[in-house]
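Report on the structure
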Amino acid sequence: EAQVTQNPRYLITVTGKKLTVTCSQNMNHEYMSWYRQDPGLGLRQIYYSMNVEVTDKGDVPEGYKVSRKEKRNFPLILESPSPNQTSLYFCASSPYDRDNGYTFGSGTRLTVV
Amino acid sequence: SQQGEEDPQALSIQEGENATMNCSYKTSINNLQWYRQNSGRGLVHLILIRSNEREKHSGRLRVTLDTSKKSSSLLITASRAADTASYFCASDHGSSNTGKLIFGQGTTLQVKP
């Protein structure tokens, strides 16, 4: 089944403890992106990647890192999480032409205490 | 704000009725997409309409696009209880090749059996 897989689904962590949210897609998509969803603010892009070793900042990149060493994986790294990073995170992928919409993962609900 | 606007914010209808949601965006687009989100879950791509298209159908879904008014509408015909979800429009402006989607705030649809 064609899908974007995120893990973990839920995570509660403490301020300052590094964490990684994994994202993997099995559709050979070139384009991958991370969004966060917050009440009243909607979905905002954090980082995106056009292909392997090509990443760039979205609208809200502060406090996040990404890497794209393989085409299928696009992990989101929080080096020192803070409570304002408590959010619902989504990974999405699409073919390079983005002409048929994006496939989203099921989401990761992160709570930083 | 970069975000598009959707109305209504919430819509409650009876099963079998039609549901119409509207979306406005701010700058020229490559395409406009509609997504469905069930309570806290991932977004599911429903339909994409390109900037040179005016209307598109997919099953019980009908999307229109008016680029002169920078607006789009999603019509769900003969609604079912299973259509209960939040619906988001997302505009792809194609600028700078970021692939960023600009999401509306969403319409929460409740279909009563």
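Summarised in this report is the structure supplied together with it. Keep in mind that what you see is a predicted model, and the values were worked out from it rather than measured.

Opposite the 25 residues of chain A that make contact, chain B presents 23 residues. Between chain A and chain B lies a buried interface of about 1900 Å² when both sides are counted; carbon and sulfur atoms form 41% of it. Across the chain A-chain B interface, the total number found is zero salt bridges. Remark: the boundary between chain A and chain B carries five residue pairs in polar contact (both at pLDDT 80 or more). Mapped onto the side of chain A that touches chain B, the elements with two or more residues apiece are β4 (31–38), β5 (42–51) and β9 (87–94) of chain A. Take the side of chain A that touches chain B: its biggest share by element is six residues, from β5(A).

Let us look at the pattern of salt bridges. Using the criterion set out here, one finds six salt bridges over all chains in the structure. One salt bridge connects B:Arg62 with B:Glu55, and the closest N-O pair in it is separated by 3.2 Å. Residue classification places B:Arg62 among the partly exposed residues on the basis of a relative accessible area of 31%. A cluster of three or more residues bridged by salt bridges with shared partners is formed by A:Arg36, A:Asp38 and A:Arg44.

Right, let's get into a nonpolar patch on the surface. Together, A:Ile12, A:Val14 and A:Val113 give the surface a local cluster of nonpolar side chains, amounting to about 310 Å² of exposed area. Secondary-structure assignment places A:Ile12 in strand β2 (residues 10–13).

Cut-offs applied
- The residue numbers shown here count from 1 along each chain, following its written sequence.
- Throughout, the order in which chains and ligands are written sets their labels, letters from A for the former and numbers from 1 for the latter.
- Whole-chain, interface and lining totals are the exception, using all residues; otherwise, since this is a predicted model, local features are given only for residues with pLDDT of at least 70 and side-chain atom pairs are given and counted only at 80 or more.
- The side-chain quantities take in all heavy atoms of the structure and omit both hydrogens and water.
- Whether two residues are in contact is decided by their heavy atoms, any of which lying within 4.5 Å being enough.
- Accessible area that two parts lose when put together, evaluated with a 1.4 Å probe and summed over both, is termed the buried area.
- A pair is scored as a salt bridge if a Lys or Arg side-chain nitrogen falls within 4 Å of a carboxyl oxygen belonging to Asp or Glu.
- Identification of polar contacts relies on pairs of N or O atoms within 3.5 Å, with a donor-acceptor requirement for protein atoms, meaning one able to donate a hydrogen and the other able to accept it, and with residues adjacent in sequence counted only if both atoms are side-chain atoms.
- Where helices and strands are cited, they refer to DSSP runs of H or I of at least four residues and of E of at least two residues respectively, numbered from the N terminus.
- Only protein chains enter the accessibility calculation, which uses a 1.4 Å probe; a residue is then buried when its area is under 20% of its type maximum, exposed when over 50%, and partly exposed in between.
- Candidates for patches are residues over 30% relative accessible area with no salt bridge; among them, like charges are joined within 9 Å and nonpolar side chains (Val, Leu, Ile, Met, Phe, Trp, Tyr) within 5 Å.
- Here the open area of atoms and residues is found with the Shrake-Rupley method and a 1.4 Å probe, where only the protein chains shown may cover a residue.

That's the geometry; what it means functionally is another story.
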